[in-house]
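Commentary on secondary and tertiary structure
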Amino acid sequence: MNQYDNRSRVGYYIAMDPLLAWREEFPILAHTTYMISHSLGAMPRRTAERAREFTDTWAARGVRAWEEGWWEMPVTVGNLIASIIGAGEGEVVMQQNVSIAQSIVSSCFDWRGPRNKLITAGLNFPSNDYVYHGLERQGACVVTVPSPDGFTMPLEPVLDAIDEQTRLVSVSHVAFRSSYVQDVAAIVARAHAMGAMVIADLYQSAGTVPVDVRAWNADFAVGGSVKWLCGGPGAGYLYVRRDLWGSLEPAFTGWAAHEQPFAFEGGAIRYTGDAYRFLNGTPNVPALYTARSGYEIVNEIGVAAIREKSLRQTARLMELAAAAGIRVNTCADPARRGGVVTLDVPDGYEVTKELGRRQILVDYRPQAGIRVAPHFYTADEELEHTVREIRAIVESRPAAAIS
Ligand SMILES: Cc1ncc(COP(=O)(O)O)c(C=O)c1O
């Protein structure tokens, strides 16, 4: 396998698909069919140099590193995300993960008053819901709008749930389980008409599906770097609409959010006026070093080109699956389809394990199936190889059920 990495044929494949030129930059692709960028994007080769840059800086500059760039990194690195999600300079601050970013946002509100409803759309990532249900002890009324089938989330029930008691609406732009794309702009329009705000989880979209938080007029957006952004763990992010900054005072806070952090004043916090007010304690500096390369590459390629290839390859995967008699739990409508195709075969978990033994990396989610995700570095032959091997494994199992 991986004949597209055979030197003599590389030129041919790159002429057919220019994004394959990036394969060289991702070492794991030389020996693995990597169809799992919805879970952990492949590591760019240059990330190792970035990790080294962090330790070299710490070793050579010591404490001076803080004033020579480390302190600003939550925003300087956030700027690389801003250009991917349609935010402005200085409007994205890096956090450790989405759960923390959700906690910061939800701590801005008083949940005891009459406007205490928090609407969560049924395909939200569970960690978000865990944070929201924790707010019930402060008076929040958490309303879940269920998905009718576990894969899709029709717009109307979400819009209908938003009323005058609603404070916050939480929606995943692309659902983790099924890659279903939600219409965030329509949800924002309805929420604003009712006096509510919207937080969009971009984890499964940023880097593969175009995002424009300012065009949507979203109030908040959160995400992380582990998946399509190829940035690794520990580098979540938070966007807050600039005109809201002055009116929001997160209770989940810390000294980095203070107007004069190095005055080390006691007592209640005096929030700084810029996006640092949404930070808390010491930033996760090593993760910010290792996250950068992925963002730079996604910026260089551009999400439009990544999306174009993704739509072509996810359509091809669905065709191949249909031809192999495999049931697909992914939306056929390209406008509602993110970067993952979910293939529902008997004993999907065991089949996924066997694929791993054959150097094909995918994952399995109960009630959905095997999640297969091409990214900009995926060759078309890998799609064929993956579906062929799934079929072969299923057929070799005792109760083969592919028709
Ligand atoms: C949509 C979505 N949100 C959030 C997360 C993870 O959140 P956290 O950064 O808190 O681990 C994931 C996956 O890990 C996800 O798919």
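Refer to the structure printed above.
I will try to describe carefully the structure that is included in this document. (Residues numbered from 1 in each chain as written. Predicted model: local features only at pLDDT ≥ 70, side-chain atom pairs only at ≥ 80, totals over all residues. Heavy atoms only, no water.)

**Comments concerning the pattern of salt bridges**
For clarity, the cut-off: A pairing counts as a salt bridge when a side-chain nitrogen of Lys or Arg comes within 4 Å of a carboxyl oxygen of Asp or Glu. In DSSP terms, a helix is any run of H or I states spanning at least four residues, a strand is any run of E spanning at least two, and both are numbered starting from the N terminus. Burial classification: accessible surface area is computed with a 1.4 Å probe over protein chains only, and a residue below 20% of its type maximum counts as buried, one above 50% as exposed, and the rest as partly exposed.
Within the structure shown, the criterion is met by 27 salt bridges. With a shortest N-O distance of 2.7 Å, D219 and R241 are connected by a salt bridge. Highlighted residues: D219 in the loop between α9 (213–216) and β7 (220–223) and R241 in the loop between β8 (236–240) and α10 (285–301), separated in sequence by 22 residues. Since its relative accessible area comes to 15%, R241 is described here as buried. Of the charged contacts in the structure, one is a salt bridge between R358 and E354, with a shortest N-O distance of 2.8 Å. Three or more residues are tied together by salt bridges with common partners; here these are D17, K309, R312 and D380.

**Some thoughts on the packing of aromatic side chains**
To be explicit about the condition: Ring pairs are drawn from Phe, Tyr and Trp, using the six-membered ring of Trp, whenever the two centres fall within 6.5 Å, and their geometry is named by plane angle: stacked under 30 degrees, edge-to-face over 60, tilted for the rest.
Throughout the structure, instances matching the rule amount to 17 aromatic pairs. In this structure an aromatic cluster arises from ring pairing among F54, W58, W66, W70, W71, W255, F262, F264 and Y289.

**Focus on the site of the ligand**
This is how it is decided: Residues are labelled near a given molecule or strand when at least one of their non-hydrogen atoms is within 4 Å of it. Here a polar contact is taken to be a pair of N or O atoms separated by no more than 3.5 Å, where protein atoms must pair a possible hydrogen donor with a possible acceptor and residues adjacent in sequence count only if both atoms sit in side chains. Exposure was quantified through the Shrake-Rupley algorithm and a 1.4 Å probe, taking into account, for residues, occlusion by the shown protein chains and nothing else. Side-chain classes follow a simple rule in which Ala, Val, Leu, Ile, Met, Phe, Trp, Tyr, Cys and Pro form the nonpolar group, Asp, Glu, Lys and Arg form the charged group, and the remainder, Gly included, forms the polar group.
The ligand sits among N97, V98, S99, F125, S172, F176, D201, Y203, Q204 and K227. A distance of 2.8 Å is found between an oxygen atom of the ligand and a backbone nitrogen or oxygen belonging to V98. About the coverage of the ligand: the protein hides 84% of its 400 Å² of free accessible area. The class makeup of the residues in the shell around the ligand is 4 nonpolar, 4 polar and 2 charged.

**Points about the pairing of strand β10 (residues 341–344)**
What counts, and what does not: Strand pairing is assigned whenever DSSP detects at least two bridges linking the two strands.
Sheet topology note: the strand β9 (residues 327–328)/β10 ladder contains 2 bridges and is antiparallel. Counted as the bridge partner of V328 is L343 from β10. By the bridge criterion, 3 bridges tie β10 to strand β13 (residues 369–372) in an arrangement that is antiparallel. In the sheet register, L343 faces β13, and the bridge partner there is I370.

**Examining the sheet that holds β13**
Convention followed: Contacts between residues were defined by any pair of non-hydrogen atoms, one from each residue, lying within 4.5 Å. Geometry is summarised by axes, namely lines fitted to C-alpha atoms with helices restricted to the contacting stretch, and by angles between N-to-C directions that run from 0 to 180 degrees.
Taken together, 4 strands build an open sheet; the order of strands is β9-β10-β13-β12 and the sheet is antiparallel. Two strands in the sheet have a free side with no partner beyond their single neighbour: β9 and β12 (363–365). Both β12 and β13 contribute to a ladder of 3 bridges, which runs antiparallel. Note on β13: the bridge partner recorded for D363 is R371. Here helix α12 (residues 348–357) sits on the sheet and contacts β12 and β13; the angle it forms with β12, its principal contact strand, is near 170 degrees.

**Concerning the sheet that holds strand β2 (residues 92–95)**
Two orientations exist for strands paired in a sheet by backbone hydrogen bonds: parallel and antiparallel. The strand order β2-β8-β7-β6-β5-β3-β4 describes an open sheet built from 7 strands, whose pairing is mixed. Of all strands in the sheet, those with a lone pairing partner are β2 and β4 (141–145), marking the two edges. Each adjacent strand pair in this sheet contributes to an overall mean axis angle of 20 degrees, direction not counted. Along the sheet face, helix α5 (residues 98–106) touches β2, β5 (166–172), β6 (197–201), β7 and β8 and points at about 160 degrees away from the line of β7.

**Some words on the environment of Y203**
The topology assignment puts Y203 in the loop between β6 and α9. Separated by 29 residues in the primary sequence, Y203 and V174 place their C-alpha atoms 7.8 Å from one another. Of note is the side chain of Y203, whose polar atom sits 3.4 Å from the backbone nitrogen of S225.

**Remarks on the environment of T144**
For T144, the position within the fold is in strand β4. As a C-alpha pair, T144 and Y239 span 95 residues in sequence and 24 Å in three-dimensional space. Beyond its immediate chain neighbours, meaning those up to four positions away, T144 contacts T120 and G122.

**Some remarks on the side chain of S179**
Take S179: it is sitting in the loop between β5 and α8 (184–193). According to the relative accessible area criterion, S179 is buried, its value standing at 3%. A distance of 3.1 Å separates the side chain of S179 from the backbone nitrogen of V340, its partner in a polar contact.

**Overview of the packing of α12 against helix α13 (residues 380–396)**
The angle between the axes and the distance between the axes are what describe a pair of packed helices. Quick reminder of the rule: Throughout this description, any angle smaller than 35 degrees is read as roughly parallel, any larger than 145 degrees as roughly antiparallel, any in the 65 to 115 degree range as roughly perpendicular, and the remainder as oblique. Each crossing gets its handedness from the near helix: less than a right angle anticlockwise from the far helix is left-handed, clockwise is right-handed.
It is at 10 Å that the axes of α12 and α13 come closest, and there the two elements cross at 120 degrees. One element, α12, and the other, α13, form an angle in the oblique class. The two elements α12 and α13 cross, and the hand of that crossing is right-handed. From α12, V351, E354 and L355 reach across to α13, where they touch E389, I390, I393 and V394. Classifying every residue of the contact of α12 with α13 by side-chain character gives 5 nonpolar, no polar and 2 charged.

**Let's talk about α12**
We count it as follows: Here the arc refers to the directions that run from the helix axis out to each C-beta atom.
Taken together, the buried positions of α12 are occupied by G348, V351, T352, E354 and L355. The buried side chains of α12 occupy one side of the element, clustering within an arc of 165 degrees when seen end-on.

**Quick notes on the nonpolar core**
We apply this condition: Among buried residues, the Ala, Val, Leu, Ile, Met, Phe, Trp, Tyr and Cys ones that are joined through side-chain atoms within 4.5 Å form a nonpolar core.
Grouped together as the largest cluster of nonpolar side chains are 65 residues, with contacts concentrated most on F26, I85, L202, V213, Y237, Y295 and F376. With residues up to four places along the chain from it excluded, the contact list for F26 reads A42, M43, P44, C230, I297, F376 and Y377. In this structure, V75, I104, L238 and L248 belong to the second largest nonpolar core, which totals 33 residues.

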